[in-house]
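# Commentary on secondary and tertiary structure
Here is how the chains run, residue by residue.
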Amino acid sequence: MKLLVTGGAGFIGSNFIRHMLSAYPDYRIINLDKLTYAGNLENLQDIDKFPNYTFVKGDIGDSHIFDKMEIDAIVNFAAESHVDRSILDATPFLKTNVIGTYNLLETARQKACIFLHVSTDEVYGSIDRGFFNEDSRLLPNSPYAASKAASDMLVRSYVETHDVMAIITRCSNNYGPYQFPEKLFPLVILNALNRKPIPVYGDGMNVRDWIHVNDHCRALDAVLHKGRAGDVYNIGARCERTNIEAVRLLLKKTSEQLGIDEQELTGLITFVKDRPGHDKRYAIDPSMIEGNLKWLPEKDFDKGVSETVQWYLSNEKWWQRIVSGEYAEYYRTQYGESI
Ligand code: NAD
Ligand code: TYD
(Lines give C-alpha, C1' and ligand atoms only; values in the text may rest on other atoms or scores of the structure.)
(Ligands and ions follow the chains in the order given, each with its own letter.)
Protein backbone atom coordinates (compact mmCIF):
# COMPACT_ATOMS: atom_id res chain seq x y z
CA MET A 1 0.00 0.00 0.00
CA LYS A 2 1.17 3.55 -0.77
CA LEU A 3 0.29 5.78 2.15
CA LEU A 4 0.39 9.55 2.33
CA VAL A 5 0.63 10.60 5.97
CA THR A 6 0.14 14.32 6.55
CA GLY A 7 1.47 15.94 9.74
CA GLY A 8 3.71 12.91 10.32
CA ALA A 9 6.41 14.98 12.02
CA GLY A 10 4.10 15.79 14.94
CA PHE A 11 3.33 13.78 18.07
CA ILE A 12 0.73 11.22 16.92
CA GLY A 13 1.74 11.19 13.24
CA SER A 14 5.36 10.24 14.03
CA ASN A 15 4.23 7.46 16.37
CA PHE A 16 1.82 6.25 13.66
CA ILE A 17 4.54 6.13 10.96
CA ARG A 18 6.79 4.17 13.33
CA HIS A 19 3.94 1.73 14.04
CA MET A 20 3.07 1.26 10.35
CA LEU A 21 6.65 0.73 9.16
CA SER A 22 7.12 -1.90 11.82
CA ALA A 23 3.75 -3.64 11.22
CA TYR A 24 3.83 -3.45 7.39
CA PRO A 25 7.46 -3.39 6.18
CA ASP A 26 6.34 -3.54 2.52
CA TYR A 27 4.19 -0.37 2.68
CA ARG A 28 5.54 2.85 1.15
CA ILE A 29 4.99 5.94 3.27
CA ILE A 30 5.26 9.57 2.22
CA ASN A 31 5.20 11.97 5.16
CA LEU A 32 4.09 15.46 4.12
CA ASP A 33 4.58 18.02 6.87
CA LYS A 34 4.88 21.81 6.93
CA LEU A 35 7.19 21.65 9.95
CA THR A 36 5.37 24.27 11.98
CA TYR A 37 6.60 24.88 15.55
CA ALA A 38 5.03 21.46 16.42
CA GLY A 39 6.66 19.51 13.58
CA ASN A 40 10.01 17.95 14.42
CA LEU A 41 12.01 15.61 12.21
CA GLU A 42 13.90 14.41 15.28
CA ASN A 43 10.69 12.50 16.13
CA LEU A 44 11.54 10.25 13.17
CA GLN A 45 15.31 10.09 13.36
CA ASP A 46 15.34 6.30 13.82
CA ILE A 47 13.45 5.68 10.58
CA ASP A 48 14.32 8.49 8.21
CA LYS A 49 16.78 6.29 6.30
CA PHE A 50 14.27 3.50 5.64
CA PRO A 51 14.10 3.00 1.83
CA ASN A 52 10.28 2.88 1.87
CA TYR A 53 9.92 6.16 3.82
CA THR A 54 10.07 9.62 2.21
CA PHE A 55 9.72 13.03 3.81
CA VAL A 56 8.30 15.97 1.85
CA LYS A 57 8.20 19.44 3.38
CA GLY A 58 4.92 21.05 2.36
CA ASP A 59 1.56 22.52 3.28
CA ILE A 60 -1.66 20.49 2.96
CA GLY A 61 -3.23 23.71 1.66
CA ASP A 62 -1.00 23.68 -1.44
CA SER A 63 -3.24 22.29 -4.18
CA HIS A 64 -0.47 21.14 -6.54
CA ILE A 65 1.83 19.43 -4.12
CA PHE A 66 0.09 16.05 -4.54
CA ASP A 67 -0.14 16.08 -8.37
CA LYS A 68 2.63 13.56 -9.03
CA MET A 69 2.14 11.39 -5.95
CA GLU A 70 0.80 7.86 -6.32
CA ILE A 71 -1.42 7.27 -3.30
CA ASP A 72 -3.76 4.48 -2.17
CA ALA A 73 -4.71 6.16 1.11
CA ILE A 74 -4.27 9.48 2.91
CA VAL A 75 -4.09 9.55 6.71
CA ASN A 76 -4.56 13.16 7.79
CA PHE A 77 -2.93 14.22 11.06
CA ALA A 78 -1.87 17.68 9.86
CA ALA A 79 -3.48 20.29 12.07
CA GLU A 80 -2.99 23.11 14.47
CA SER A 81 -3.71 21.17 17.65
CA HIS A 82 -3.38 23.30 20.78
CA VAL A 83 -6.54 24.80 22.31
CA ASP A 84 -4.70 27.61 24.14
CA ARG A 85 -3.09 28.81 20.91
CA SER A 86 -6.50 28.80 19.17
CA ILE A 87 -7.73 31.19 21.88
CA LEU A 88 -4.82 33.57 21.18
CA ASP A 89 -5.26 33.45 17.36
CA ALA A 90 -7.51 31.09 15.41
CA THR A 91 -6.28 32.08 11.93
CA PRO A 92 -3.83 29.18 11.35
CA PHE A 93 -6.46 26.75 12.70
CA LEU A 94 -8.91 27.82 10.01
CA LYS A 95 -6.27 27.74 7.27
CA THR A 96 -4.87 24.30 8.05
CA ASN A 97 -7.72 22.46 9.75
CA VAL A 98 -10.50 23.66 7.44
CA ILE A 99 -9.03 24.83 4.11
CA GLY A 100 -6.19 22.28 4.31
CA THR A 101 -8.64 19.42 4.86
CA TYR A 102 -10.77 20.66 1.96
CA ASN A 103 -7.70 20.55 -0.28
CA LEU A 104 -6.91 16.99 0.84
CA LEU A 105 -10.51 15.94 0.16
CA GLU A 106 -10.20 17.29 -3.39
CA THR A 107 -6.99 15.28 -3.73
CA ALA A 108 -8.69 12.11 -2.44
CA ARG A 109 -11.54 12.73 -4.88
CA GLN A 110 -9.23 13.16 -7.88
CA LYS A 111 -7.07 10.17 -6.99
CA ALA A 112 -10.04 8.01 -5.85
CA CYS A 113 -8.11 7.01 -2.75
CA ILE A 114 -9.13 6.28 0.85
CA PHE A 115 -9.16 9.29 3.18
CA LEU A 116 -8.76 8.68 6.90
CA HIS A 117 -9.40 11.89 8.79
CA VAL A 118 -7.94 11.96 12.31
CA SER A 119 -10.33 14.07 14.35
CA THR A 120 -10.98 14.54 18.04
CA ASP A 121 -13.62 13.95 20.73
CA GLU A 122 -13.48 17.71 21.37
CA VAL A 123 -15.90 18.26 18.44
CA TYR A 124 -18.75 16.95 20.64
CA GLY A 125 -18.10 19.55 23.33
CA SER A 126 -18.55 18.92 27.04
CA ILE A 127 -20.86 16.42 28.79
CA ASP A 128 -21.56 16.34 32.56
CA ARG A 129 -22.86 12.73 32.68
CA GLY A 130 -23.01 9.86 30.18
CA PHE A 131 -21.07 9.49 26.94
CA PHE A 132 -21.07 10.79 23.39
CA ASN A 133 -21.55 8.25 20.63
CA GLU A 134 -20.84 8.70 16.92
CA ASP A 135 -24.34 10.12 16.29
CA SER A 136 -24.13 12.79 18.99
CA ARG A 137 -24.43 16.42 17.89
CA LEU A 138 -21.24 18.38 17.30
CA LEU A 139 -21.14 21.26 19.78
CA PRO A 140 -17.53 22.49 19.79
CA ASN A 141 -16.58 25.14 22.36
CA SER A 142 -13.04 26.22 21.48
CA PRO A 143 -11.88 27.67 18.16
CA TYR A 144 -9.66 24.56 17.81
CA ALA A 145 -12.62 22.21 18.29
CA ALA A 146 -14.77 24.32 15.96
CA SER A 147 -12.14 24.10 13.22
CA LYS A 148 -11.97 20.30 13.62
CA ALA A 149 -15.79 20.05 13.60
CA ALA A 150 -15.85 22.12 10.40
CA SER A 151 -13.35 19.71 8.83
CA ASP A 152 -15.47 16.72 9.92
CA MET A 153 -18.49 18.31 8.23
CA LEU A 154 -16.52 18.80 5.02
CA VAL A 155 -15.45 15.14 5.10
CA ARG A 156 -19.08 14.09 5.51
CA SER A 157 -20.12 16.27 2.57
CA TYR A 158 -17.46 14.71 0.29
CA VAL A 159 -18.72 11.23 1.19
CA GLU A 160 -22.32 12.19 0.42
CA THR A 161 -21.69 14.39 -2.63
CA HIS A 162 -18.58 12.99 -4.29
CA ASP A 163 -18.48 9.37 -3.04
CA VAL A 164 -15.06 9.92 -1.49
CA MET A 165 -14.06 6.84 0.54
CA ALA A 166 -13.56 8.79 3.74
CA ILE A 167 -13.63 7.68 7.36
CA ILE A 168 -13.48 9.93 10.45
CA THR A 169 -11.98 8.95 13.80
CA ARG A 170 -12.58 10.94 17.00
CA CYS A 171 -10.05 10.10 19.66
CA SER A 172 -9.75 11.25 23.25
CA ASN A 173 -6.67 12.90 24.84
CA ASN A 174 -3.38 11.17 23.93
CA TYR A 175 -0.22 10.88 25.99
CA GLY A 176 3.14 9.23 25.33
CA PRO A 177 6.57 9.88 23.81
CA TYR A 178 7.32 12.82 21.46
CA GLN A 179 4.42 14.99 22.68
CA PHE A 180 5.15 18.70 22.33
CA PRO A 181 5.76 20.24 25.80
CA GLU A 182 2.90 22.75 25.62
CA LYS A 183 0.45 19.88 26.31
CA LEU A 184 -0.44 18.92 29.91
CA PHE A 185 1.56 15.69 30.42
CA PRO A 186 4.98 16.82 29.11
CA LEU A 187 4.47 20.29 30.61
CA VAL A 188 4.00 18.77 34.07
CA ILE A 189 7.02 16.47 33.71
CA LEU A 190 9.36 19.19 32.41
CA ASN A 191 8.22 21.82 34.90
CA ALA A 192 8.74 19.26 37.69
CA LEU A 193 12.25 18.47 36.43
CA ASN A 194 13.04 22.19 36.27
CA ARG A 195 11.26 22.91 39.60
CA LYS A 196 8.95 25.41 37.89
CA PRO A 197 5.36 26.09 39.00
CA ILE A 198 2.90 23.55 37.55
CA PRO A 199 -0.12 25.47 36.27
CA VAL A 200 -3.46 23.75 36.85
CA TYR A 201 -6.35 25.62 35.24
CA GLY A 202 -9.33 26.51 37.46
CA ASP A 203 -10.01 23.99 40.25
CA GLY A 204 -8.35 21.05 38.46
CA MET A 205 -11.65 19.14 38.38
CA ASN A 206 -12.04 19.08 34.58
CA VAL A 207 -12.12 15.52 33.30
CA ARG A 208 -10.21 14.11 30.34
CA ASP A 209 -10.25 10.54 29.00
CA TRP A 210 -6.62 9.46 28.45
CA ILE A 211 -5.27 7.02 25.88
CA HIS A 212 -1.69 5.99 25.16
CA VAL A 213 -0.61 7.14 21.71
CA ASN A 214 0.34 3.57 20.68
CA ASP A 215 -3.21 2.41 21.34
CA HIS A 216 -4.51 5.28 19.20
CA CYS A 217 -2.11 4.25 16.39
CA ARG A 218 -3.27 0.60 16.60
CA ALA A 219 -6.87 1.84 16.39
CA LEU A 220 -6.09 3.91 13.28
CA ASP A 221 -4.42 0.86 11.73
CA ALA A 222 -7.64 -1.14 12.37
CA VAL A 223 -9.84 1.62 10.92
CA LEU A 224 -7.64 1.99 7.83
CA HIS A 225 -7.78 -1.73 7.04
CA LYS A 226 -11.21 -2.75 8.34
CA GLY A 227 -13.26 0.46 8.66
CA ARG A 228 -16.24 1.19 6.44
CA ALA A 229 -16.21 4.26 4.15
CA GLY A 230 -18.56 6.93 5.46
CA ASP A 231 -18.36 5.72 9.06
CA VAL A 232 -17.20 7.61 12.13
CA TYR A 233 -15.33 5.79 14.94
CA ASN A 234 -14.86 7.09 18.47
CA ILE A 235 -11.52 5.98 19.94
CA GLY A 236 -10.96 5.96 23.69
CA ALA A 237 -9.57 3.80 26.47
CA ARG A 238 -12.29 4.34 29.10
CA CYS A 239 -9.77 6.07 31.33
CA GLU A 240 -11.27 9.24 32.80
CA ARG A 241 -9.25 11.28 35.26
CA THR A 242 -9.67 14.76 36.69
CA ASN A 243 -6.74 16.96 35.74
CA ILE A 244 -5.56 17.15 39.33
CA GLU A 245 -5.56 13.33 39.59
CA ALA A 246 -3.51 13.06 36.39
CA VAL A 247 -1.07 15.76 37.57
CA ARG A 248 -0.60 14.07 40.97
CA LEU A 249 0.05 10.70 39.31
CA LEU A 250 2.63 12.28 36.98
CA LEU A 251 4.37 13.90 39.94
CA LYS A 252 4.34 10.65 41.93
CA LYS A 253 5.99 8.80 39.03
CA THR A 254 8.49 11.60 38.43
CA SER A 255 9.52 11.76 42.09
CA GLU A 256 9.90 7.95 42.25
CA GLN A 257 12.13 7.95 39.19
CA LEU A 258 14.20 10.88 40.49
CA GLY A 259 14.42 9.26 43.93
CA ILE A 260 13.16 12.40 45.69
CA ASP A 261 10.36 13.18 48.13
CA GLU A 262 7.03 13.50 46.28
CA GLN A 263 6.16 16.63 48.30
CA GLU A 264 9.08 18.48 46.71
CA LEU A 265 7.14 18.25 43.42
CA THR A 266 3.51 18.46 44.60
CA GLY A 267 4.45 21.77 46.23
CA LEU A 268 4.92 23.14 42.69
CA ILE A 269 1.21 22.72 41.83
CA THR A 270 -0.24 26.19 41.23
CA PHE A 271 -3.93 26.76 40.53
CA VAL A 272 -4.14 29.48 37.87
CA LYS A 273 -6.90 31.42 36.09
CA ASP A 274 -9.14 29.07 34.11
CA ARG A 275 -8.95 28.70 30.33
CA PRO A 276 -11.83 30.64 28.69
CA GLY A 277 -14.55 28.22 27.51
CA HIS A 278 -12.77 25.35 29.30
CA ASP A 279 -14.72 22.14 28.62
CA LYS A 280 -15.64 20.44 31.90
CA ARG A 281 -15.63 16.82 30.76
CA TYR A 282 -14.87 14.88 27.58
CA ALA A 283 -16.33 11.38 27.49
CA ILE A 284 -16.93 9.18 24.48
CA ASP A 285 -18.35 5.72 24.05
CA PRO A 286 -15.87 3.58 22.03
CA SER A 287 -18.21 0.53 21.76
CA MET A 288 -18.39 0.72 17.96
CA ILE A 289 -14.67 0.30 17.29
CA GLU A 290 -14.42 -2.27 20.10
CA GLY A 291 -17.32 -4.34 18.73
CA ASN A 292 -17.10 -3.91 14.95
CA LEU A 293 -13.33 -3.77 14.48
CA LYS A 294 -12.31 -5.86 17.51
CA TRP A 295 -9.91 -3.17 18.74
CA LEU A 296 -9.18 -2.76 22.44
CA PRO A 297 -6.61 -0.59 24.21
CA GLU A 298 -3.65 -2.50 25.65
CA LYS A 299 -1.71 -0.01 27.74
CA ASP A 300 -2.51 0.21 31.44
CA PHE A 301 -2.67 3.90 32.48
CA ASP A 302 -0.40 3.62 35.52
CA LYS A 303 2.25 1.75 33.51
CA GLY A 304 1.85 4.09 30.50
CA VAL A 305 2.39 7.15 32.69
CA SER A 306 5.53 5.58 34.27
CA GLU A 307 6.95 4.82 30.84
CA THR A 308 6.14 8.31 29.58
CA VAL A 309 7.91 9.95 32.53
CA GLN A 310 10.87 7.64 31.91
CA TRP A 311 10.92 8.62 28.22
CA TYR A 312 11.15 12.35 29.01
CA LEU A 313 13.86 11.69 31.60
CA SER A 314 15.87 9.69 29.05
CA ASN A 315 15.40 12.10 26.15
CA GLU A 316 16.58 15.42 27.56
CA LYS A 317 18.38 16.35 24.32
CA TRP A 318 15.07 16.06 22.43
CA TRP A 319 13.16 18.42 24.74
CA GLN A 320 16.08 20.76 25.52
CA ARG A 321 16.20 21.79 21.84
CA ILE A 322 12.47 22.51 21.92
CA VAL A 323 12.39 24.46 25.17
CA SER A 324 15.34 26.61 24.13
CA GLY A 325 13.90 27.36 20.67
CA GLU A 326 10.70 28.98 19.43
CA TYR A 327 8.71 27.38 22.26
CA ALA A 328 10.64 29.45 24.81
CA GLU A 329 8.84 32.59 23.58
CA TYR A 330 5.38 30.97 23.86
CA TYR A 331 6.23 29.73 27.37
CA ARG A 332 7.28 33.25 28.39
CA THR A 333 4.03 34.77 27.06
CA GLN A 334 2.01 32.16 28.98
CA TYR A 335 3.95 32.08 32.25
CA GLY A 336 6.08 35.23 32.24
CA GLU A 337 9.38 33.36 32.64
CA SER A 338 11.54 30.86 30.77
CA ILE A 339 11.61 27.14 31.46
P1 NAD B 1 0.88 18.06 16.68
O2 NAD B 1 0.59 19.50 16.87
O3 NAD B 1 1.88 17.40 17.55
O4 NAD B 1 1.33 17.79 15.17
C5 NAD B 1 0.72 18.42 14.07
C6 NAD B 1 1.64 18.24 12.86
O7 NAD B 1 0.99 18.81 11.71
C8 NAD B 1 3.00 18.94 13.01
O9 NAD B 1 4.03 18.08 12.58
C10 NAD B 1 2.87 20.15 12.07
O11 NAD B 1 4.11 20.56 11.52
C12 NAD B 1 1.93 19.59 11.01
N13 NAD B 1 1.21 20.65 10.27
C14 NAD B 1 0.54 21.71 10.80
N15 NAD B 1 0.01 22.45 9.82
C16 NAD B 1 0.31 21.84 8.65
C17 NAD B 1 0.03 22.12 7.28
N18 NAD B 1 -0.68 23.19 6.91
N19 NAD B 1 0.50 21.27 6.32
C20 NAD B 1 1.24 20.18 6.68
N21 NAD B 1 1.56 19.88 7.95
C22 NAD B 1 1.09 20.69 8.93
O23 NAD B 1 -0.54 17.34 16.80
P24 NAD B 1 -0.91 15.88 17.35
O25 NAD B 1 -1.17 15.97 18.80
O26 NAD B 1 0.06 14.91 16.82
O27 NAD B 1 -2.32 15.68 16.65
C28 NAD B 1 -2.41 15.11 15.34
C29 NAD B 1 -3.86 15.06 14.92
O30 NAD B 1 -4.61 14.29 15.86
C31 NAD B 1 -4.54 16.44 14.87
O32 NAD B 1 -5.36 16.47 13.74
C33 NAD B 1 -5.36 16.49 16.14
O34 NAD B 1 -6.51 17.28 15.94
C35 NAD B 1 -5.72 15.04 16.32
N36 NAD B 1 -5.95 14.61 17.73
C37 NAD B 1 -5.01 14.88 18.69
C38 NAD B 1 -5.22 14.43 19.99
C39 NAD B 1 -4.21 14.67 21.08
O40 NAD B 1 -4.49 14.37 22.25
N41 NAD B 1 -3.02 15.18 20.78
C42 NAD B 1 -6.41 13.75 20.31
C43 NAD B 1 -7.35 13.49 19.30
C44 NAD B 1 -7.09 13.93 18.01
P1 TYD C 1 -4.32 19.86 26.92
O2 TYD C 1 -3.17 18.93 27.02
O3 TYD C 1 -4.06 21.26 26.43
O4 TYD C 1 -5.46 19.14 26.06
P5 TYD C 1 -7.00 19.58 25.76
O6 TYD C 1 -7.23 20.95 26.21
O7 TYD C 1 -7.07 19.47 24.28
O8 TYD C 1 -7.84 18.58 26.49
O9 TYD C 1 -5.00 19.97 28.33
C10 TYD C 1 -5.53 18.86 29.01
C11 TYD C 1 -6.27 19.39 30.22
O12 TYD C 1 -5.34 19.98 31.14
C13 TYD C 1 -7.28 20.47 29.89
O14 TYD C 1 -8.43 20.33 30.75
C15 TYD C 1 -6.57 21.77 30.24
C16 TYD C 1 -5.66 21.36 31.37
N17 TYD C 1 -4.37 22.10 31.46
C18 TYD C 1 -3.98 22.64 32.68
O19 TYD C 1 -4.67 22.55 33.70
N20 TYD C 1 -2.77 23.29 32.71
C21 TYD C 1 -1.97 23.44 31.62
O22 TYD C 1 -0.90 24.07 31.72
C23 TYD C 1 -2.39 22.85 30.37
C24 TYD C 1 -1.54 22.98 29.14
C25 TYD C 1 -3.61 22.19 30.35
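Heads up: the structure comes first, above all this text.
The shown structure was predicted, so the numbers you read here are calculated from the model rather than taken from an experiment. (Residues numbered from 1 in each chain as written. Chains lettered and ligands numbered in written order. Predicted model: local features only at pLDDT ≥ 70, side-chain atom pairs only at ≥ 80, totals over all residues. Heavy atoms only, no water.)

### Details of the overall build of the protein
- Broken down by element type, the protein carries 12 helices and 12 strands.
- Relative to the compact-globule value of 20 Å for 339 residues, the protein shows a C-alpha radius of gyration of 19 Å, a close match.
- Dimensions of the protein, computed from the C-alpha atoms along their principal axes, are close to 60 × 45 × 40 Å.
- Every one of the 339 residues in the protein was classed for burial, and the buried ones make up 55%.
- Excluding contacts between residues fewer than 6 apart, the proportion of contacts in the protein whose partners are at least 24 apart in sequence is 82%. (Helix = DSSP H or I, 4+ residues; strand = E, 2+ residues; numbered from the N terminus. Rg over C-alpha atoms; globule rule 2.2 N^0.38 Å. Buried < 20%, exposed > 50% of the residue type's maximum accessible area, 1.4 Å probe, protein only. Contact = heavy atoms within 4.5 Å.)

### As for the site of ligand 2
- Among the 17 residues in the neighbourhood of ligand 2, the closest are listed as Glu122, Pro199, Arg208, Arg275 and His278.
- At 3.1 Å, a backbone N or O of Leu184 approaches an oxygen atom of ligand 2.
- Every element with two or more residues in the shell around ligand 2 is listed here: helix H5 (184-193) and strand S8 (198-201).
- With 3 residues, the single largest contributor to the shell around ligand 2 is S8.
- Here the shell around ligand 2 is composed, by residue class, of 8 nonpolar, 4 polar and 5 charged. (Near = heavy atom within 4 Å. Polar contact = N/O pair within 3.5 Å; in protein donor to acceptor, adjacent residues only side chain to side chain. Nonpolar A, V, L, I, M, F, W, Y, C, P; charged D, E, K, R; others polar.)

### Considering the packing of helix H3 (residues 91-111) against helix H4 (residues 143-162)
- Relative to each other, H3 and H4 sit at 15 degrees, their axes nearing to 9 Å. Comparing their axes, H4 and H3 come out roughly parallel. Crossing handedness for the pair H3 and H4: right-handed. The residues of H4 that touch H3, namely those facing Phe93, Leu94, Asn97, Val98, Thr101, Tyr102, Leu105, Glu106 and Arg109, are Tyr144, Ser147, Lys148, Ala150, Ser151, Leu154, Val155, Tyr158 and His162.
- Within the contact of H3 with H4, the residues separate by chemical class into 10 nonpolar, 5 polar and 3 charged. (Axes fitted to C-alpha atoms, helices over the stretch in contact; angles between N-to-C directions. Parallel < 35°, antiparallel > 145°, perpendicular 65-115°, else oblique. Left-handed = near helix turned anticlockwise from the far one by under 90°.)

### Quick word on the environment of Pro143
- Looking at the element boundaries, Pro143 is found in helix H4.
- If near-sequence neighbours (up to four positions away) are discounted, Pro143 is found in contact with Ser86, Ile87 and Ala90.

### Comments concerning the site of ligand 1
- Taken together, 28 residues form the shell around ligand 1, and within it Ile12, Asp33, Ser81, Tyr144 and Lys148 come nearest.
- Within the backbone of Ile12, a nitrogen or oxygen atom sits 2.8 Å from an oxygen atom of ligand 1.
- In this structure, Lys148 approaches ligand 1 through a side-chain N or O atom, which is 2.7 Å from an oxygen atom.
- Relative to its free-state accessible area of 840 Å², ligand 1 is covered by the protein chains to the extent of 96%.
- Counting only elements with at least two residues in the shell around ligand 1, the list comes to helix H1 (11-23), strand S5 (114-120), H4 and strand S7 (173-175).
- Counting residues per element, the shell around ligand 1 draws most heavily on S5, at 3 residues.
- Residues belonging to the shell around ligand 1 are distributed by class as follows: 12 nonpolar, 12 polar and 4 charged. (Areas by Shrake-Rupley, 256 points an atom, 1.4 Å probe, with all protein chains shown as cover.)

### Things to note about empty space enclosed by the protein
- Tallied over the entire structure, the rule returns 3 cavities of 30 Å³ or more.
- In this model, the second largest cavity occupies a volume close to 40 Å³.
- A breakdown of the residues in the lining of the second largest cavity according to their chemical character gives 2 nonpolar, 3 polar and 4 charged. (1 Å grid on protein atoms, 1.4 Å probe; cavity = no way out; pocket = protein on both sides within 12 Å on 5 of 7 lines; lining within 4 Å. Points joined across faces, edges and corners; volume = space filled by probe spheres on them.)

### Examining the sheet that holds strand S6 (residues 166-171)
- The 7 strands are arranged S3-S2-S1-S4-S5-S6-S10 in an open sheet whose pairing can be described as parallel. A single partner strand is all that each edge strand has here, and the edge strands are strand S3 (53-57) and strand S10 (232-235). Neighbour-to-neighbour, the strand axes of the sheet open up by a mean angle of 20 degrees, direction not taken into account.
- Relative to S3, strand S2 (residues 28-33) runs parallel, the two being bridged by 5 bridges. Looking across to S3, one finds that Ile29 is bridged to Tyr53.
- Across the sheet, helix H6 (residues 213-226) lies against strand S1 (2-6), strand S4 (73-76), S5, S6 and S10, angled at about 145 degrees from S5, the strand it touches most. (Pairing = 2+ DSSP bridges.)

### Remarks on the packing of aromatic side chains
- A full pass over the atoms with the stated rule returns 19 aromatic pairs.
- With a centroid separation of 5.4 Å and 40 degrees between ring planes, the pair formed by Tyr175 and Phe185 is classed as tilted. In this pair, Tyr175 sits in strand S7 while Phe185 sits in helix H5, placing the two residues 10 residues apart along the sequence. Each member of the pair, Tyr175 as well as Phe185, carries the same accessibility label: buried.
- Three or more aromatic residues joined by ring pairs make a cluster, and in this case those are Tyr37, Phe180, Tyr327, Tyr330, Tyr331 and Tyr335. (Phe/Tyr/Trp six-rings, centres within 6.5 Å; stacked < 30°, edge-to-face > 60°.)

### Section: unusual backbone geometry
- Not every positive phi belongs to a glycine, and Arg195 is a case in point at roughly 50 degrees.
- Turning to its location among the elements, Arg195 is positioned in the loop between H5 and S8.
- Judged by relative accessible area, which is 35%, Arg195 ranks as partly exposed.

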